[in-house]
Amino acid sequence: MTPYSPITGDIRKQIVEGLGAERIVSDPGRLKDYEEDASGLRYAPELVVEAESVAHIQTLLALANRYRFPVIPRGGGTGLAGGCLAASGGVILSLAGMNQIRSIDPANLLAEVEPGVITATFREKVREKRLFYPPDPAGMDKSTLGGNAATNAGGPACVKYGTTRDYVLGLEVVLPDGNLIRTGVKTRKGVVGYDLTHLIVGSEGTLGVITALYLKLIPSPQDVACLAAVFKDLRTGLSAVSEIMGRGHLPSAVEFMDPKCLALVGDLLPFRIPGENATLLIIETDGIREQIAKEIEAIGNVCLEIGATHLLPAPDRESRARIWDVRRQVSLRIHESTPIYMAEDIVVPISRIASLVDALPAFEKAYDLRIYAFGHAGDGNIHLNFTAAAREDAERMLKGVVEVFKLVIEMEGTISGEHGIGEAKKQFLPMELPRESIRIQKAIKEAFDPNLILNPGKIFI
Ligand SMILES: Cc1cc2nc3c(=O)[nH]c(=O)nc-3n(C[C@H](O)[C@H](O)[C@H](O)COP(=O)(O)OP(=O)(O)OC[C@H]3O[C@@H](n4cnc5c(N)ncnc54)[C@H](O)[C@@H]3O)c2cc1C
């Protein structure tokens, strides 16, 4: 296949003629805004197109196929895997301006939105109609619904409600060849044909450009109840999680912090942490006010029975916000405390979280690293933040990451639960996926995109 063309003066002229100069960003100062996402990687795009319609996208893709240059879809740029970066050069296609909520339909519990709608804005608009869109990725103040679908984003609520994929009923997608298709349904169910919707969800902008989403909504829970519980060690804390679920409770969030994380944020709690092995759980339930008040009390009692040393109930919005701020501060303080870090988001079966975290000190010693573990105890998705003393330690840190990934896979886990593969993790893909699976996935990519112009070089090497 011919190599990718640079964006020559002639191609640029045709893009301007086709889309209008006001939609093109080529000023070096403004191009810088598109060089990075939240992965720490950096690639300068040759040009940016800020699309406002399907026709703009189709015009750009027609030119991309004719001259063979890469087009990289971009939403809020909050991705943690470099998926929206111009790693092979080409044009960044920003969908941020296509940000209309077309409809919220309480009678059918459905919404139709454009891809650039900010996740938190949508959740709020839906809540005003007493409806609920559960996916709650922590970057939702800036991330877009199109980006969430492309990465199948999830957050603390996954334990009860699942990920973005569970709420996407159908999509409108511009395929790499410029054809517009609708996938899926606008009903609560549908099984006609292959499930292209859920193939495109999680495909990280490699199979098509999402231009509209049909989303499933559910009735809004009346209220939320929250508590934090401290345990003398991680195993005790995690055994409380199994016990809570085993007794029939399904919390809407179960987050944990390992002792190293707790030590970093312990000053934000209103009591002394009981020893250097102590661990923290944050548990939420949602539903009918009277029921969840009883439920959170019962969950607190399970925690005490299992050996919680302190309980911190958060009965109102303010105290709940304070508890979640403790959780938010963990990442910030880890990043402040180190010149270099790698943020991984592995998943292991819930019953193996403690074994994985217990194994980390051996890797810390072998590779002279500090590894912080926190995240979603309810679904086994652990954020592992690898840190080292100096920037020059990057290579050694990478070796440590690879060894931890090997253990995760041995434990029947996966190397990414939320962040995706993008550019940052494609080197690790063959560790988890068999060769035949990668072959089929590459064939799917080629069926959608024979000229390999849409977000090339992502996911697969
Ligand atoms: C502070 C912080 C906290 C985070 N917490 C979480 C978390 O809890 N859970 C989680 O899952 N993630 C989390 N993330 C990662 C990030 O927010 C998600 O991956 C999010 O879904 C990315 O959305 P975005 O709009 O920013 O997409 P971008 O970063 O712009 O793009 C991400 C990928 O989607 C593709 N894409 C974007 N829009 C489209 C479209 N319309 N059509 C086709 N492809 C498209 C891009 O090509 C790229 O591959 C966090 C990030 C930050 C910075």
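Scoring rules and cut-offs
- Residues numbered from 1 in each chain as written.
- Predicted model: local features only at pLDDT ≥ 70, side-chain atom pairs only at ≥ 80, totals over all residues.
- Heavy atoms only, no water.
- Buried < 20%, exposed > 50% of the residue type's maximum accessible area, 1.4 Å probe, protein only.
- Helix = DSSP H or I, 4+ residues; strand = E, 2+ residues; numbered from the N terminus.
- Arc of directions from axis to C-beta.
- Contact = heavy atoms within 4.5 Å.
- Near = heavy atom within 4 Å.
- Polar contact = N/O pair within 3.5 Å; in protein donor to acceptor, adjacent residues only side chain to side chain.
- Areas by Shrake-Rupley, 256 points an atom, 1.4 Å probe, with all protein chains shown as cover.
- Nonpolar A, V, L, I, M, F, W, Y, C, P; charged D, E, K, R; others polar.
- Phe/Tyr/Trp six-rings, centres within 6.5 Å; stacked < 30°, edge-to-face > 60°.
- Lys NZ or Arg CZ within 6 Å of the ring centre and 35° of its normal.

> Help me understand helix H4 (residues 119-127) in this model?
Buried residues of H4: Thr119, Phe122 and Val126, and no others. With its buried residues spanning 65 degrees around the axis, H4 presents them on a single face. Those residues of H4 that are buried lie in contact with strand E5 (101-105), strand E6 (110-113), strand E7 (131-132), helix H5 (145-151) and strand E10 (209-216).

> Looking at this structure, how should I read the site of the ligand?
Contacts to the ligand come from 32 residues, most closely from Pro73, Gly75, Thr78, Thr144 and Gly154. One nitrogen or oxygen atom from the side chain of Asn148 is found 2.8 Å from an oxygen atom belonging to the ligand. One nitrogen or oxygen atom from the side chain of Thr151 is found 2.8 Å from an oxygen atom belonging to the ligand. In the complex, the protein chains occlude 89% of the 970 Å² of accessible area that the ligand would expose alone. Of all the elements in the fold, those that place two or more residues in the shell around the ligand are strand E3 (71-74), H5 and E10. When residues in the shell around the ligand are grouped by element, the largest group, five residues, is from H5. Residues of the shell around the ligand, tallied by class, amount to twelve nonpolar, 17 polar and three charged.

> Sorry, what's going on with the environment of Lys425 here?
Within the secondary structure, Lys425 sits in the loop between helix H13 (394-410) and helix H14 (429-432). Looking at Lys425, the relative accessible area reads 3%, which means it is buried. With 285 residues separating them along the chain, Lys425 and Met140 place their C-alpha atoms 22 Å apart. Residues within four places of Lys425 in sequence aside, it is in contact with Glu344, Asp345, Ser416, His419 and Gly420. Here Asp345 takes part through its side chain, which lies 3.4 Å from a polar atom of the side chain of Lys425.

> Looking at this structure, I do not really get the side chain of Thr183. What am I missing?
Of note, Thr183 is situated in strand E9 (residues 180-184). Taking the relative accessible area as the measure of exposure, Thr183 reaches 5% and is therefore buried. Polar contacts involving the side chain of Thr183 include one to the side chain of Thr197, which spans 2.8 Å. Thr183 has contacts with Gly170, Leu171, Leu196, Thr197 and Ile200, leaving out every residue within four places of it along the chain.

> Would you mind showing me how to read the packing of aromatic side chains here?
The geometry of an aromatic ring pair is captured by two quantities: the separation of the ring centres and the angle between the planes. On inspection of all chains with the given rule, the structure shows four aromatic pairs. Look at Phe122 and Tyr133: their rings are 5.1 Å apart centre to centre, the planes differ by 70 degrees, and that puts the pair in the edge-to-face class. Of this pair, Phe122 sits in helix H4 while Tyr133 is found in the loop between E7 and H5, placing the two residues eleven residues apart along the sequence. Residue Phe122 shares its accessibility class with Tyr133, and that shared class is buried. One aromatic cluster is present, formed by Phe122, Tyr133 and Tyr167 through successive ring pairs. One residue, Arg68, lies across the ring of Tyr4, its end atom 4.1 Å from the ring centre.

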